[in-house]
Amino acid sequence: MSDSRPPLSLATKLFYAVGAVANAVKLRGLSTFLMLFYNQVVGLPPTTVTFVLMIALVFDAIVDPLVGQISDNFKSRLGRRHPFMYAAAIPVSVAFYMLWNPPSGLSDGQMVAYLLACLLTVRLFDTFFELPHSTLAPELAKDYDERTKLISLRMLFAVIGGLGMTVLAYQVFLKENPDGTGGVLARDGYFAYSLCASLLIFVCIMLSTAGTQNQIPYLRAAPNRKITFKAMAKEVAATLNNRAFVIATITGMFVAIAVGARNALEIYFGLYFWELTQSQLAGLVTVSVVGSAIGVVAAPRIAQRMGKKHGAILMFATALLVGVSPVVARLFGVMPANGTGLLYGLLIVETVINTALAGGTGVLLVSLVADVIEDAEVKTGRRSEGLLMSADNLFKKLVSGVGVFISGSVLAMIAFPENAKRGQVDPEIIHNMGLIYLPVIGVLFGLGIVSLSFFNIDKAKHEDNLARLAERSGAPRPNPEPEPAPEPPAASPQPFKA
């Protein structure tokens, strides 16, 4: 890796950030529509769909660390990351299209096999792009605050792309007709939706990969060595045996599962709990783009004032309280009646505030995970972005894995009917959905907040890690600021105990 890297140009930052659109479109499609499509449209039981998703989750758990470790040590004229990113473009796009266009006339068993094959292909090649792409951020931006700004830009593109595609789905591809036909429960619209989404995924992957290719000379090269599988396994264990990494992992696990469950049930709450029209649902998604954009833009400033950890905890806890308040109010009978303008207005306000807080929290959590990389390098002497960031990549996929599994279990527990019509579901079933939803979401998010409070890398610690690494390589210190007071030598990494 060259020490003479010029400052990142705006074009390079934008090309890097646009890659987030591909993953966001995929994640929003899976978390918002997959359960509804295969349950209400195709006709598979929710427990069957969630079982397939759990198989895909186990597959992820095996593939992600392998791809991360392999890409950390991969040698080519295109560096460690870009060959995987180029290889992902066509397979993930085609598999995502096929996921929403199963052949007609399949038996339930054949449909399950088809769903599983498409999901596994999407998962595998999404890892090929998303994991190397996410590992570029710590290499492109090493400064504590600059890194947060780059990740914020990446998240802004993810918000615009993922939620924007969802708005198009509601308002264009899956639009409900005035006579009640069409909509998200009609199979025909999924063809145009999946075709547009797949093309967008392909274009964004290619743009981001080609647009950051000029940075390859400045990225870390793979080490020149031969390593056995046993030695590689020891290196993986040593790298992951890091307090900050374990805390970030636990936090990310709870957050991803909770967000996945919430997103998968979001459309059920919108259609059946609040009895909103598809135009109103699209309106909520639209204002959530605004809210999320506010959050990701504000996150770097909040991090500078409060630090990443404390800023994330504050926004995290507030987002939880705001997010559950409408359901709590409805269960206590103090929300306006369904179909009223006042109800919709309150939901708009809640959506803007909640998505702003959630978006800012997401930026800071990703930036915290990135800060673990230098901490692990200080302790192990190895640069392992791919291995460490594979955890973050896995947790994003959990949004459509464990989270959807929980949502399917909730629907099965309350015996939610197939082919349900808005306003015609038994009120007791709707009430029970809210009663079960609240403790599930509250506990998962609450555990994530508690876990995050133990994170131990702040700005001073990060700058000290950079200084130690610079001293080892004989390079100048990474910033001109006065040297902080000396700290005692770092202790041997110990497993974190909650």
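These numbers come from a predicted model, not from an experiment. (Residues numbered from 1 in each chain as written. Predicted model: local features only at pLDDT ≥ 70, side-chain atom pairs only at ≥ 80, totals over all residues. Heavy atoms only, no water.)

> Describe the overall build of the protein chain, naming the residues involved and giving the relevant values.
Of regular secondary structure, the protein chain possesses 15 helices and 0 strands. Classification of the 498 residues of the protein chain by burial places 55% in the buried group. Restricting to contacts in the protein chain with at least 6 residues of sequence separation, those with at least 24 account for 84%. Only carbon and sulfur atoms are counted for the fraction: they give 67% of the accessible area of the protein chain, which is about 20400 Å². (Helix = DSSP H or I, 4+ residues; strand = E, 2+ residues; numbered from the N terminus. Buried < 20%, exposed > 50% of the residue type's maximum accessible area, 1.4 Å probe, protein only. Contact = heavy atoms within 4.5 Å. Areas by Shrake-Rupley, 256 points an atom, 1.4 Å probe, with all protein chains shown as cover.)

> Pulling in residues and values, what's your account of helix 1 (residues 10–41)?
If you check helix 1, its first and last C-alpha atoms are 44 Å apart, about what 32 residues at 1.5 Å a residue would give, namely 46 Å. Where helix 1 bends most, the angle comes to about 50°, and this point is Phe 33. Across the 32 residues that make up helix 1, a large majority, 27, are buried. (Expected span 1.5 Å × (residues − 1). Bend = angle between axes of the 7 residues up to and from the residue.)

> Pulling in residues and values, what's your account of helix 13 (residues 402–413)?
With 12 residues, helix 13 extends 16 Å from end C-alpha to end C-alpha; this agrees with the ideal 16 Å at 1.5 Å per step. Among all positions of helix 13, only Val 402, Gly 403, Val 404, Ile 406, Ser 407, Gly 408, Val 410 and Leu 411 are buried. Once helix 13 ends, the next one or two residues include Ala 415, with phi positive near 55°.

> Give a description of the pattern of salt bridges that names residues and reports values.
Applying the stated criterion across every chain, the model contains 6 salt bridges. Between Lys 26 and Asp 126 there is a salt bridge; the shortest N-O distance is 2.9 Å. Here Lys 26, found in helix 1, pairs with Asp 126, found in helix 4 (residues 108–140); they are 100 residues apart in sequence, far enough to count as distant. You can call Lys 26 buried: its relative accessible area is 2%. Residue Asp 126 is classed as buried on the basis of its relative accessible area of 5%. (Salt bridge = Lys/Arg side-chain N within 4 Å of Asp/Glu carboxyl O.)

> Before we move on, could you go through the confidence of the model for the protein chain and cite the residues and values that matter?
In this model, the protein chain carries a mean pLDDT of 82, and residues with pLDDT of at least 70 account for 86%. Across residues 480–498 the pLDDT falls below 50, and counting only partners more than four positions away or on other chains, this stretch makes 16 contacts in the model. (pLDDT = per-residue confidence, 0-100.)

> I'd love a proper account of the nonpolar core, names of residues and values included.
Phe 33, Tyr 38, Trp 100, Tyr 190 and Phe 416 are the most contacted members of the largest nonpolar core, which has 134 residues in total. Of all the elements, helix 8 (residues 243–273) adds the most residues to this core, at 18 residues. Looking at this core, you find at least three residues from each of domain 1 (9–219) and domain 2 (227–475). Residues in contact with Trp 100, not counting those within four places in the same chain, are Gly 29, Leu 30, Phe 33, Leu 34, Phe 37, Tyr 190, Tyr 193 and Ser 194. (Core = buried A, V, L, I, M, F, W, Y, C linked by side-chain atoms within 4.5 Å. Domains from an automatic or database assignment.)

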